[in-house]
Amino acid sequence: MINIFEVAETNKMIEQENLDVRTITMGISLLDCMDSNVDVVCEKIYAKITRLAGNLVSVGESIEHKYGIPIVNKRISVTPIAIVGNSSCKSTDDFIKIAKVLDKCAEELGVNFIGGYSAIVTKGMTPSDKLLIDSIPEALKVTARVCASVNLGSTRVGINMDAVKMMGEIIIKAAEFTKENDSIGCAKLVVFTNAPDDNPFMAGAFHGVTEGDAIINVGVSGPGVMRNAIATTKGESFDVLCDTIKKTAFKITRVGQLVAMEASEKLGVPFGIIDLSLAPTPAIGDSIADCLEQMGLESVGCPGTTAALAILNDHVKKGGVMAASHVGGLSGAFIPVSEDQGMIDAVLRGSLTLEKLEAMTCVCSVGLDMIAIPGSTTPTVISGMIADEMAIGMINQKTTAVRIIPVIGKDVGETVEFGGLLGYAPIMQVNNFEPAEFINRGGRIPAPIHSFKN
C-alpha cells in the first residue's frame, strides 16, 4: 500500500531532482518479414512496425499524464537488420532501402529513435553482415532516427579482430559522411562486446533473436535523486553510503516497474525487463559525476574515482533488483561525457582523461560513451581503443561498448554541440602512438580460460 509520505517523496523526486523514466522501448521481431525480395521485406517491415507500435507514443503520454512521471523517450528496437536482410540484400543500396523504411516508421509514429540497424559478428562475418556494416555510414547520413550497432566479441568466443579493424574505418567514414553536422552520425553508432538482447537504451538497442515477437522494455534514470540522497551521507561510513544508494535505487526502480506494467497492459505487449541504469542528461544536477563527487571526490577523475563508481554501480543493482520482477539490459551507471555536465566540467578542469575513463569502464554499466576526439585520429588508433574496451568486457564477463566521435575539422581544446539529450562535449586528447601493426594481424583473439564452462 502506498502512503501519503511516499507520494510526496516521489513528487519531490520528479519536480526537484530530475527523476524520469528515460525510455519505453518496444522490441519487435522482424524475423517473419524475411523474403528474397528486398521491396517485399520493406513492405512487411513497415506494416509490422506501424501495426504493433502505432499507439506507443500516445500510451506513453497517457501514462505521463496519469502519474505525472516524465517519460523522456519512446523508442523501438528491431531484430538485427543483417539477419532480416540476409536473403534479400545483395548490395549496400538494398540495406539503405531498409534503413529508410525504419526511419519512415520512426517519423510517422513519432518515436525518438529506432535501433537495430545492427550486425552480430562475434566470431565471423556473413556476406550480409559485411554489406550491412559497409552501409552504416550512408545509412546514418540519410536517416534521422535510425541507430546502428555491431557486436564484435563475447566472453564465450573471444574478439573478432577483423571486425575491430573494420569498425575503426567505418567510424571514421561515418564521421566524414556527417561532418557538416559535427560528425553526429557517430553518436548513433555503438560497438559492443557481450551485447544484451534486451537493451532499451540507444544507440545500442536491438531486439535479440532470443526474444519473443514483441516486448516492452523500460529504462529508468534518476542521477539527480541519487546525488541528493548521497549528499545526506556526508561524513558517514561506507556502510551508510551503500545502504542509502540501495534504498534510493529501490524507489527509483519502483517507478520504472509501475510504468512498464502499465505500458504492457495498455499496448497488449508482454513486459520484458527494467534496465536499472542511471542515465544522466546535460541538465544541471542530473549527473553521474555529481553523484561520485558527493561521495567525497574533489573532481571526477582523481584517485578513488573508479572505487566510487564501483560502489554506485553495484549498489544501484542491489537496490533495484529487489524492486522489479525482471531486470536486464545494461543496468548500472552510464558515464557518457557529452550527456553529463559534471563529466564535461571534469574534462575541462583537467581531472578526467580518456585513460581514466577507460579504467572506469571496468566497473560501470557500459564503456567509452559519447566521447568527442580529434577528427584527425587514425582508424587504427580507434580500432585500438575498441580492442581495449572489448578486452575489458571479454575478460570481466560484462557488456562494454564504444561510442566515440572523431569530429572532422576539430581538435583538442575545441567544443562540439550535438543538442538535446546528446549534449555537447570538449574534444579530448587521444594517445596517437600507433597500434597499426597489432590491429593488422587479423583473425580472432581467443576466449579467456574462464569462458570454458559447461
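Residues numbered from 1 in each chain as written. Predicted model: local features only at pLDDT ≥ 70, side-chain atom pairs only at ≥ 80, totals over all residues. Heavy atoms only, no water.

Undergrad: Any chance you could explain helix H12 (residues 341–349) here in plain terms?
TA: Since the α-helix turns once every 3.6 residues, residues separated by three or four places project in the same direction. Listing the buried residues of H12 in full gives Gln-341, Gly-342, Met-343, Ile-344, Ala-346 and Val-347. Considering only its buried residues, H12 is in contact with helix H10 (288–294), helix H13 (354–360) and strand S12 (424–426). By the N-cap criterion, in which a side-chain oxygen at the helix start approaches the backbone nitrogen of a residue two or three places on, H12 is capped by Asp-340, the distance to Gly-342 being 3.0 Å. Within two residues after H12, Gly-350 carries a phi angle of roughly 90°, on the positive side. (Buried < 20%, exposed > 50% of the residue type's maximum accessible area, 1.4 Å probe, protein only. Helix = DSSP H or I, 4+ residues; strand = E, 2+ residues; numbered from the N terminus. Contact = heavy atoms within 4.5 Å. Polar contact = N/O pair within 3.5 Å; in protein donor to acceptor, adjacent residues only side chain to side chain.)

Undergrad: Teacher, can you tell me more about the packing of helix H2 (residues 38–52) against helix H5 (residues 92–109) here?
TA: Packing of H2 against H5 leaves a shortest axis separation of 10 Å and a crossing angle of 20°. Comparing the axis directions of H2 and H5 gives the class roughly parallel. Crossing of H2 against H5: the hand is right-handed. Along its contact with H2, which presents Val-38, Asp-39, Val-41, Cys-42, Ile-45, Tyr-46, Ile-49 and Thr-50, the element H5 presents Asp-94, Lys-97, Ile-98, Val-101, Leu-102, Lys-104, Cys-105, Glu-108 and Leu-109. Across the contact of H2 with H5, the residue classes break down as 11 nonpolar, 1 polar and 5 charged. (Axes fitted to C-alpha atoms, helices over the stretch in contact; angles between N-to-C directions. Parallel < 35°, antiparallel > 145°, perpendicular 65-115°, else oblique. Left-handed = near helix turned anticlockwise from the far one by under 90°. Nonpolar A, V, L, I, M, F, W, Y, C, P; charged D, E, K, R; others polar.)

Undergrad: Where do I start with the state of the cysteines in this structure?
TA: In a disulfide, the sulfur atoms of two cysteines are held together by a covalent bond. Using the criterion set out here, one finds 0 disulfides in the structure. Cys-89 takes part in no disulfide bond, and the closest cysteine sulfur, belonging to Cys-42, lies 7.4 Å away. For Cys-89, a relative accessible area of 4% puts it in the buried group. In this model Cys-302 remains outside any disulfide bridge; the closest cysteine sulfur is found in Cys-291, 15 Å from its own. (Disulfide = S-S within 2.5 Å.)

Undergrad: Is there a simple way to think about the confidence of the model for the protein in this case?
TA: It should be kept in mind that the predicted coordinates are not to be read in detail where pLDDT is low. Within the protein, residue pLDDT values average 89, and 95% of them lie at 70 or more. This model gives residues 1–7 a pLDDT under 50, and the stretch forms 2 contacts once residues within four places in sequence are excluded. (pLDDT = per-residue confidence, 0-100.)

Undergrad: I'm lost on the nonpolar core in this one. Help?
TA: Among soluble globular proteins, nonpolar side chains are generally buried collectively. Within the largest apolar cluster, 135 residues are counted, with the highest numbers of intra-cluster contacts made by Ile-49, Tyr-117 and Leu-312. Dropping the residues within four chain positions of it, Ile-49 is found in contact with Ile-28, Leu-30, Gly-54, Ile-76, Val-78, Leu-102, Cys-105, Leu-109 and Ile-114. Within the second largest apolar cluster, 14 residues are counted, among which are Phe-192, Ala-195, Ala-279 and Ala-401. (Core = buried A, V, L, I, M, F, W, Y, C linked by side-chain atoms within 4.5 Å.)

Undergrad: How do you make sense of unusual backbone geometry when you look at a structure like this?
TA: Excluding glycine, residues mostly have negative phi values, and the peptide bonds linking residues are mostly trans. Between Met-202 and Ala-203 the backbone carries a cis peptide bond, its omega angle lying at 15°. Looking at the element boundaries, Ala-203 is found in the loop between strand S6 (189–193) and strand S7 (214–220). With phi around 55°, Asp-182 is a residue other than glycine that occupies positive phi space. With respect to the element layout, Asp-182 can be found in the loop between helix H7 (161–177) and S6. Non-glycine residue Asn-194 carries a positive phi angle of around 55°. In this fold, Asn-194 is placed in the loop between S6 and S7.

Undergrad: Could you clarify how one ought to interpret the environment of Ala-139 in this entry?
TA: Its location among the elements puts Ala-139 in helix H6 (residues 127–142). Classification of Ala-139 by relative accessible area gives buried; the value is 0%. Through-space distance from the C-alpha of Ala-139 to that of Gly-268 is 32 Å; in sequence the pair is 129 residues apart. Excluding anything up to four places from it in sequence, Ala-139 contacts Ile-96, Ala-99 and Tyr-117.

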